[in-house]
Amino acid sequence: MKNNSEEKKFRSGYVAVLGKPNVGKSTLINFFLGEKLSIVSEKPQTTRDAILGIFSDEQCQIIFVDTPGIHRPTTLLGRHMVSSAVKAGEDADVLLVVVDAATGITGEDREIFDISKRAMQAHAYCWTAVIVNKIDCVDKPRLLPLLEACRGALTCDDYIPVSALSGEHCRVVLEKVKAKLPEGPLYFPPEQLTDKNERFVVAELVR
């Protein structure tokens, strides 16, 4: 049994992963979990619900919220998806804003930056990082100007280039998230990977 001093060192919290459709949010969370939990597809707006992916070890529990891709909604379902993503960002302890290195900063990214600014204003303790994903798809000389453009567009705590597909620099992100979580309890059993039932996960994978 842990003593009180050890219990105080345990960290836990919610990490919202925001980004436009098909930017690689689900691939990133799947890498962190070591499991194919969030659906991955080339088709945009595949994630309809904010799926909780739960990472647990002896030091922390990270509850990842894989939000639907934020876009300009034209349907009731689309409006629900965007509302769900915005709410997740406002409630998070840590915010990861994912940008596609292959497309650079788009108008959709700038809208997401605005949402992130509001989330940071609502929660002064919310540690935020821009994750520039898909660096395996671009020439290295293009990365530095893109990172500088991200710094100019959104003032936050860190800017990290990664490849969620290959795993390059992803563990750097994971370690930084661990360090920035607040002290907290174990919200879920350590062996649990998601708050969704098995039927939901299977249905998502089939879809």
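The rules behind these values
- Residues numbered from 1 in each chain as written.
- Predicted model: local features only at pLDDT ≥ 70, side-chain atom pairs only at ≥ 80, totals over all residues.
- Heavy atoms only, no water.
- Phe/Tyr/Trp six-rings, centres within 6.5 Å; stacked < 30°, edge-to-face > 60°.
- Helix = DSSP H or I, 4+ residues; strand = E, 2+ residues; numbered from the N terminus.
- Buried < 20%, exposed > 50% of the residue type's maximum accessible area, 1.4 Å probe, protein only.
- Axes fitted to C-alpha atoms, helices over the stretch in contact; angles between N-to-C directions.
- Parallel < 35°, antiparallel > 145°, perpendicular 65-115°, else oblique.
- Contact = heavy atoms within 4.5 Å.
- Nonpolar A, V, L, I, M, F, W, Y, C, P; charged D, E, K, R; others polar.
- Expected span 1.5 Å × (residues − 1).
- Arc of directions from axis to C-beta.

Asker: Is there a simple way to explain the packing of aromatic side chains in this structure?
Answerer: The full count for this structure, using the stated rule, is 3 aromatic pairs. Where Phe 32 meets Phe 64, the ring centres are 5.1 Å apart and the plane angle is 20 degrees; that geometry is what we call stacked. With a gap of 32 residues between them, Phe 32 in helix H2 (residues 25-33) and Phe 64 in strand S3 (residues 60-66) connect regions that are remote in the sequence. Overall, Phe 32 belongs to the buried group, its relative accessible area being 6%. Since its relative accessible area comes to 0%, Phe 64 is described here as buried. Ring pairs connect the aromatic residues Phe 31, Phe 32 and Phe 64, which therefore count as one cluster.

Asker: Explain the packing of H2 against helix H6 (residues 170-180) to me, please; I cannot follow it from the model alone.
Answerer: In a packed pair of helices, the relevant descriptors are the angle between the two axes and the axis-to-axis distance. As a packed pair, H2 and H6 sit with axes 10 Å apart at the nearest point and diverge in direction by 75 degrees. Viewed along their axes, H2 and H6 adopt a mutual orientation that is roughly perpendicular. Residue-level inspection shows Leu 28, Phe 31 and Phe 32 of H2 in contact with H6, the latter providing Cys 170, Arg 171, Val 173 and Leu 174. Of the residues belonging to the contact of H2 with H6, the class tally is 6 nonpolar, no polar and 1 charged.

Asker: Would you mind showing me how to read helix H4 (residues 107-122) here?
Answerer: Since the α-helix turns once every 3.6 residues, residues separated by three or four places project in the same direction. Helix length check: H4 (16 residues) gives 23 Å between terminal C-alpha atoms against 22 Å at 1.5 Å per residue, within 8%. Among the residues making up H4, those that are buried are Asp 109, Ile 112, Phe 113, Ile 115, Ser 116, Ala 119 and Met 120. Each buried residue of H4 sits inside an arc of 165 degrees when the element is viewed along its axis, so together they form one side. When the buried face of H4 is taken as reference, the exposed residues oriented beyond 90 degrees from it are Gln 121 and Ala 122.

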